Amino acid sequence: MARTVALAGIAAFVVAANWLRFEDPRSGGGKPFALAVLAIAPFLLRPLWLRAAGVVVSLGLAGWVALSVSPLRLWPGGAAYFEPLGSRFGHGFLDFYEFRLPIQPERHPRMHAVILVAIFAFVLLIALAVAARRALPAVIVFLVGAGWPATLLAGGNELGRGIVILAVALALLAGLAERPSRLAVGAAGAVLVGALALSSSPAVAKTAFLNWQQWNPYTKPEHAVSVRYVWDARYTGIRFPSKRTTVLTIRGPSRSQYWRATVLDRFDGTRWLEHPWRETPAESSRLLPAGARKRKDWVRQDVTVGALDDDHLVGASVPVAYAVDEVAVQAGQQVALVPGGLVRGSHYTAWSYAAEPTPAEVARVPAVYPRALTKPGRELDLARGVTVPAFGVPGRQATVSRLLTGRLRPYAGVYDRAREVAGRTASPYAAAVALEAWLRSTGGFTYSEQPESVPGLPPLVGFVLETKSGYCQHFAGAMALMLRLLGIPSRVAAGFAPGHYRDGTWTVSDHDAHAWVEVWFRGYGWLPFDPTPGRGRLSGTYSSTALGFDAQAAAALLRGLVKGGEVFGQGSASGVIGHDVTRRTPRSIGDLPPGVASTSAPAGHRAHSLLFFLLLLAAAVALLVIAVKHGRRRLRYLTRDPRGIAVACARELTEYLHDQRLPAGPTATFNELGETVTDTFGVDGGRFARAATAARYGVPGEARDEAAAARAELRALKRKLRRSLSTLDRVRGLLSVRSLGLG
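**Q** Mind showing me how you'd approach the sheet that holds strand S16 (residues 490-496) here?
**A** Adjacent strands of a sheet form backbone hydrogen bonds with each other and so pair up, either parallel or antiparallel. Taken in spatial order, the five strands make up an open sheet running S6-S2-S16-S19-S20, and their pairing is antiparallel. Edge strands, defined here as strands with exactly one partner in the open sheet, are strand S6 (315-316) and strand S20 (525-529). Where strand S2 (residues 259-264) lies against S16, five bridges are found, and the strand directions are antiparallel. Each bridged residue has a counterpart across the sheet, and for Thr262 the counterpart in S16 is Ala494. Sitting on the sheet, helix H16 (residues 428-442) is in contact with strand S19 (513-521) and S20, with an inclination near 25° to S20. Across the sheet, helix H18 (residues 472-485) touches S2, S16, S19 and S20, and the angle it forms with S19 is around 15°.

Structure, rendered in C-alpha cells:
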C-alpha cells in the first residue's frame, strides 16, 4: 500500500505539473491535488469489490470537481448527468486545437476542466497499473500522460522536464519489479545519460528536429484563408472553395448579426474601393447616434480568430470599440486594422451598436445630413471630383443629369431606374427599402456566382439594366450606387453573414463572406440593408429581409409617402415583398436564409441522410466480413495436395459451426465433426467424414479423387444445414466474426 501511494503520487505530481503548464496564470486552489487523491484512493481499498466500488465513486466525484456536474443528476435517468458531462468535455477538448496555449483559466473554463479531467484520468490509470504491479503499463501510461502535453505546448526547460520524466519512469520500472532487473535499470540509466548527451548536440537541440512539438493527434490545423475575392468588387465572378474553413468563432448574443470587417466607400466610376476616411472628433459626435454613446446599449462580442488571413478586426453591425492585445490602427468609419495581420488563436473583444428602429420610426427621419457626409470626397461623392446634391435638395434632378456626362454617361440609365423604383417621396427610408426589395424580391434579379457581363457597359450598369444576374458585390454595389445617385449617404459593407449559432457561440466560415449596404439615417446612424436574394437576413424589422418585416404594414405605411414608385407607389408589386426571387440555387451554405444557413439541409432530410449513411456503413462492414471469410476459404484450397484439401474442408466446416455458436475445437477429427453435425442438426455428416478421412490418410493415387469427393460432400452438407436453419440463423452465421477469431 505504501509503495502504491509513493509511486503513484510521484507520477501524479509530474503529470499534473505538465498539464498545468497550459494555464497562465496557473489555476489556484486544490482541485488538481483533490483529483489526484480521488484517483489513487480507490486502489488502497480491499477486497476487489470494494476497490471497484471506490473507482465508481471516484469517477462521480471527479466529474463534479472537474466539470461541475453533480452526481446527484444521475437520479432519475441520468440524462441530466451524462449530456452536460459529454458536452462540456467535448467542447473543451476541441478548443485545444482552436485556441492558443497557454490559456487564461477564467476565460476558458471548459479547457481548464479538460486539463483537470486529463490529470485525473492519467493518474487513475497509473494508480491501477501500480496497484496491479504491472511495471510496463504503468511506465507507458505515465510517459503518455506526462509527455503528451509537450506535443501541444513546447518551450520552457524542455531538457529538465525530460530528465524528470525519465527519472520517474525509471523509478516506476525499478519500484514495481519484485527483483529489479539490472539490465532494465542499466538501460534506463543509459537512456538518461544519452538524453543529456544528445541535448548538447546542435542537430538535436534545434526545435525543428522532427518538429515533434507540433505533433497533433487530433487534426492538422486548417490553412489560413483569405476572403478578399468576395470583398473585391471586380464583378468577374467568385468560387467558394469546396472545403469550408472556420475563420472566426464569436461568443455573443443569439440575435442574428452581420459581422462587418470594412467598408467600400469610394466609387471610382467602375467599382467600389476600400478607402475609409478619418472623421474628426466633431464629425464623429454628429455621425454617431445618441444610443451609440451609451455603453449600456453596446453589444459585446468575444472574437477568436481561426484560419483567417486578413488584417481587419471584425465586429457586429457597426463596431464602436475594440479591446485587443495586438497593436491596432483605427482607419476611420469604425474600421480597425492590425498591422501584420491577424494571428490564429488570438482573441479580442468588440462592442457594437445595433439600432433596430421600426419602419414607422425610420420613415419619419427627414433627409437632413451633416456636412461630414455631404462635402466633396465623402459619402455623396459619386466618382472622384463628382459630388451629387443631397436627397430632397430643390433642382437636384437637373443637377445630377448634368453631372452624368462623359465617362459617367452610362449611369444615367441606372439613375432613371432608381427614380422609377423609389418614386417621388420625401422619405429617404422609403427609397432605400424600395431599392432593397426591388433588387432582392420584385425586380426579377437572380443570384449567380459566375454572372455574364455586357460588353461595352460598366459592370453595375450591365447588371441593373441587362443581365439582372450577379452575386453579393453586384447587388450591394448597385444599391449603394443608386442610393448615392438619389443623394442618400450609403456605402458597401464587407464582412460575413451570421454563420452558425450553437451554445452561445457563432461559428463563421469563409463561405459566409458577404457584402451588403449601409445607409445613414439621422438619429440611428448607419443601418444595414441586404439586397442580395437568398444570401441572409437582417434582424432589424425596418429591412425587407428581416423575418419580422411586415410587408403589408410597410406597404400601407409607405404608399402614403411615395408616388409612382414601382415597389411602394400606386399599383406597386408590394404583395411579394419578402419573398426572394431566385431562379438559381445558391451554391454555398452562406447563401441560405437564417434557420437554414446553419445546416446543409432541413432537419428531416438530415435525419434521413444520417440513417442512409449508417445503413451504407453497415452494408459495407457486412460485405467486408463476407469477403474476408470467403477469401480466406478460397486461399486454403489453392493446393493440389489432397491432404491440404482435406484439412481445408475440415477448417471450413469448423468455422461454419463456430459461426452458428457450436463448439468445435481446432483439433477435432473428421469423424468428430461429422458426429457433431449429425447430433446437432440431424443431418448425416458421415459421408463427408469418410471422404475427408480417405483424402487425408489414403494412398496418393486414390486420395486425389477422395479430396474432390470431400469437397463435393462438404458443399452438399452445407446446403442441407442451411435448409435446417432459420433465416435469422443463416444471416447471423453469414455475418458472424467468430470464425475470424473476433467473437
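**Q** Is there a simple way to explain the nonpolar core in this structure?
**A** Within soluble globular proteins, side chains that are nonpolar tend to cluster in buried spots. By size, the foremost hydrophobic cluster in this structure holds 108 residues, and its most contacted members are Leu248, Trp272, Tyr429, Leu481, Phe496, Phe521 and Phe529. For Trp272, the residues in contact, after removing those within four places along its chain, are Ala233, Tyr235, Leu264, Asp265, Arg266, Phe267, Leu460, Gly477, Ala480, Leu481, Arg484 and Val492. Core analysis: the second largest hydrophobic core is formed by 52 residues, Ala12, Phe43, Phe120 and Val130 among them.

**Q** Is there a simple way to think about the environment of Gly477 in this case?
**A** Summarising the element assignment, Gly477 is placed in helix H18. Each C-alpha atom, one on Gly477 and one on Tyr235, is 9.6 Å from the other, the two residues being 242 residues apart in sequence.

**Q** Please explain the pairing of strand S18 (residues 505-509) as it appears in this structure.
**A** A regular strand carries its side chains on alternate faces of the sheet. Where burial is concerned, most of S18 is hidden: four out of the five residues are buried. As paired strands, strand S1 (residues 246-251) and S18 are joined by five bridges and run antiparallel to one another. Residue pairing for S18: Leu248 is matched across the bridge by Val508. Pairing analysis gives three bridges linking strand S17 (residues 500-502) to S18, with the strands arranged antiparallel. In the strand pairing of S18, His500 is matched with Thr507. The loop that links S17 with its antiparallel partner S18 comprises two residues; one of these, Asp503, has a positive phi angle of about 50°.

**Q** What should I look at first to understand the side chain of Arg396 in this one?
**A** On the secondary structure map, Arg396 appears in helix H14 (residues 396-403). Asp416 is the oppositely charged side chain nearest to the buried, salt-bridge-free Arg396, at an N-O distance of 10 Å. Here the side chain of Arg396 touches Leu485 through a polar contact of 3.1 Å, landing on its backbone oxygen. Residues contacting Arg396, with those up to four places away along its chain left out, are Val388, Pro389, Ala390, Phe391, Tyr415, Arg484, Leu485, Leu486 and Gly487.

**Q** In this structure, what is going on with the packing of aromatic side chains? I would like to understand it.
**A** When we look at a pair of aromatic rings, we describe it by the centre distance and by the angle of the planes. Counting across every chain of the model gives 18 aromatic pairs. A centroid spacing of 5.7 Å and a plane angle of 75° characterise the contact between Trp231 and Phe496, whose relative ring orientation is edge-to-face. In this pair, Trp231 sits in helix H10 (residues 228-231) while Phe496 sits in strand S16, placing the two residues 265 residues apart along the sequence. Under the relative-accessibility criterion, Trp231 is labelled buried at 5%. Judged by its relative accessible area of 0%, Phe496 falls in the buried class. Taken together, Tyr429, Phe521, Phe529 and Tyr542 form an aromatic cluster joined through their ring pairs. For the cation-ring pair, Arg295 lies above Trp351, with the distance from its terminal atom to the ring centre recorded as 5.7 Å. Looking at Lys468, its charged tip hangs above the ring of Phe445, at a distance of 5.2 Å from the centre.

**Q** What is the right way to read the environment of Met479 from this model?
**A** On the secondary structure map, Met479 appears in helix H18. The exposure class assigned to Met479 is buried, which follows from its relative accessible area of 0%. For the pair formed by Met479 and Ser490, sequence separation is eleven residues and the distance between their alpha carbons is 8.7 Å. The residues contacting Met479, other than those within four sequence positions of it, are Ala432, Leu435, Glu436, Leu439, Val517, Phe529 and Pro531.

**Q** Explain a nonpolar patch on the surface here, please?
**A** Together, Val57, Leu61 and Trp64 give the surface a local cluster of nonpolar side chains, amounting to about 290 Å² of exposed area. Topologically, Leu61 is positioned in helix H3 (residues 48-67). Looking at Leu61, the relative accessible area reads 31%, which means it is partly exposed.

**Q** Would you explain the side chain of Arg260 in this entry?
**A** When you line up the elements, Arg260 lands in strand S2. At 3.1 Å, the side chain of Arg260 forms a polar contact with the side chain of Glu518.

**Q** I'm lost on a positive patch on the surface in this one. Help?
**A** On the surface, Arg634, Arg715, Arg719, Lys720, Arg722, Arg723 and Arg730 cluster together to form a positively charged patch. No other element matches the five residues that helix H24 (residues 700-724) contributes to the positive patch. By the secondary structure assignment, Arg719 is in helix H24. Classification of Arg719 by relative accessible area gives partly exposed; the value is 42%.

**Q** Can you walk me through the sheet that holds strand S10 (residues 347-353) in this structure?
**A** Spatial ordering of the open sheet is given by S7-S10-S5-S1-S18-S17, a layout of six strands whose pairing is antiparallel. Because the sheet does not close on itself, it has two edges, and the strands there are strand S7 (318-324) and S17. Direction aside, the axes of adjacent strands within the sheet are offset by 25° on average. Inspection of the sheet shows strand S5 (residues 299-305) paired to S10 by six bridges, in the antiparallel sense. Paired with Val299 across the two strands is Ser352, which belongs to S10.

Parameters and conventions
Residues numbered from 1 in each chain as written. Predicted model: local features only at pLDDT ≥ 70, side-chain atom pairs only at ≥ 80, totals over all residues. Heavy atoms only, no water. Pairing = 2+ DSSP bridges. Helix = DSSP H or I, 4+ residues; strand = E, 2+ residues; numbered from the N terminus. Contact = heavy atoms within 4.5 Å. Axes fitted to C-alpha atoms, helices over the stretch in contact; angles between N-to-C directions. Core = buried A, V, L, I, M, F, W, Y, C linked by side-chain atoms within 4.5 Å. Buried < 20%, exposed > 50% of the residue type's maximum accessible area, 1.4 Å probe, protein only. Lys, Arg positive; Asp, Glu negative; His and termini not counted. Salt bridge = Lys/Arg side-chain N within 4 Å of Asp/Glu carboxyl O. Polar contact = N/O pair within 3.5 Å; in protein donor to acceptor, adjacent residues only side chain to side chain. Phe/Tyr/Trp six-rings, centres within 6.5 Å; stacked < 30°, edge-to-face > 60°. Lys NZ or Arg CZ within 6 Å of the ring centre and 35° of its normal. Patch = residues over 30% accessible without salt bridge, like charges linked within 9 Å, V, L, I, M, F, W, Y side chains within 5 Å. Areas by Shrake-Rupley, 256 points an atom, 1.4 Å probe, with all protein chains shown as cover. Charge placed at Lys NZ, Arg CZ, Asp CG, Glu CD.

The values are spatial; any link to function lies outside them.
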